[in-house]
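Each chain is listed here by its residues.
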Amino acid sequence: MGAISNCMKNKKRLVKYFFSILAIWFLGHLIYITIDGLTDKNNHADIAVILGNKVNEDGTLSERLEKRMECGLLLYRAGRVKKILVSGGLGKEGFYEGDKMKAYLLKNQVPDSCIIVDNYGNNTLATVTNTLKLRDSLNFESIIVVSQYYHLTRTKMLFKKQHFINVSSVSPNYFELRDLYSLCREFFAYYF
């Protein structure tokens, strides 16, 4: 009886250790991507890549997307980037995100020649792939990615997996309750 009892205690202890390690890994990763996403190293780059997000049914940018655009616009106006690539797909609302993002930049006096549109960036990996396909024609060697803070670590990792190392990031100062869900989702997206 004593051996069975000790075996059960050892199994419970192992399960407890396993879930403790998993919790520490999860929380550590969330802390890391939060710090990484909120850190602006004030780098300069050849191009900013702004990841798309929802366009409202009336064709206006969602607040989250507008904040990303403001952030990219500030990079351009400060001379930290020479060009802006806007990337997004066709939303269920019927608008190409890239086209709407370009319209925002044009309205804010960014010259057409400084804007590149990717309307096939339906997800993060597609944006990374499409951006790198343009590398030779646009002659860029460095990128600043613009998205929400929780999204940036994974985006930079995807660029680096494609052997593009000179990538930094900036996030807008925009936070909402939904970020908690998105932050947790990014843990799983990063590894899977």
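For clarity, every value in this text was computed on a predicted model and none was experimentally measured. (Residues numbered from 1 in each chain as written. Predicted model: local features only at pLDDT ≥ 70, side-chain atom pairs only at ≥ 80, totals over all residues. Heavy atoms only, no water.)

A.B. asks: For this particular structure, what's the right way to read the pattern of salt bridges?
C.D. replies: It is possible for side chains bearing opposite charge to pair when their charged atoms get close. Within this structure, the stated rule accounts for nine salt bridges. Of the charged contacts, one joins arginine 80 and aspartate 40 as a salt bridge, the two residues approaching to 2.7 Å between their closest N and O atoms. Of the two residues, arginine 80 is situated in the loop between α2 (63-77) and β2 (81-87) and aspartate 40 in the loop between α1 (2-38) and β1 (45-51); the sequence distance between them amounts to 40 residues. Residue class for arginine 80 comes out buried when judged on its relative accessible area of 11%. The structure contains a network of salt bridges with shared partners spanning Arg154, Arg185 and Glu186. (Salt bridge = Lys/Arg side-chain N within 4 Å of Asp/Glu carboxyl O. Helix = DSSP H or I, 4+ residues; strand = E, 2+ residues; numbered from the N terminus. Buried < 20%, exposed > 50% of the residue type's maximum accessible area, 1.4 Å probe, protein only.)

A.B. asks: What should I look at first to understand the environment of aspartate 179 in this one?
C.D. replies: Tracing the chain through its elements places aspartate 179 in helix α7 (residues 178-191). Residues aspartate 179 and tyrosine 149, spaced 30 residues apart in sequence, show a C-alpha to C-alpha distance of 9.1 Å. Those residues within four positions of aspartate 179 in sequence are excluded, and the remaining contacts are Tyr149, Tyr150 and Tyr174. (Contact = heavy atoms within 4.5 Å.)

A.B. asks: Can you help me understand the sheet that holds β2 in this one?
C.D. replies: Within a sheet, neighbouring strands are paired by backbone hydrogen bonds and run either parallel or antiparallel to one another. In space, the five strands of this open sheet follow the order β3-β2-β1-β4-β5, with parallel pairing throughout. Edge positions in the sheet fall to β3 (115-118) and β5 (167-170), since each has one partner strand and no second. Strand after strand, the sheet turns through a mean of 25° between neighbouring axes, direction not considered. Where β1 meets β2, six bridges bridge the pair, whose relative direction is parallel. For alanine 48, the partnering residue across the bridge sits in β2 and is isoleucine 84. Set on the sheet, helix α3 (residues 97-107) makes contact with β1, β2 and β3; between it and β3 the angle comes to about 165°. (Pairing = 2+ DSSP bridges. Axes fitted to C-alpha atoms, helices over the stretch in contact; angles between N-to-C directions.)

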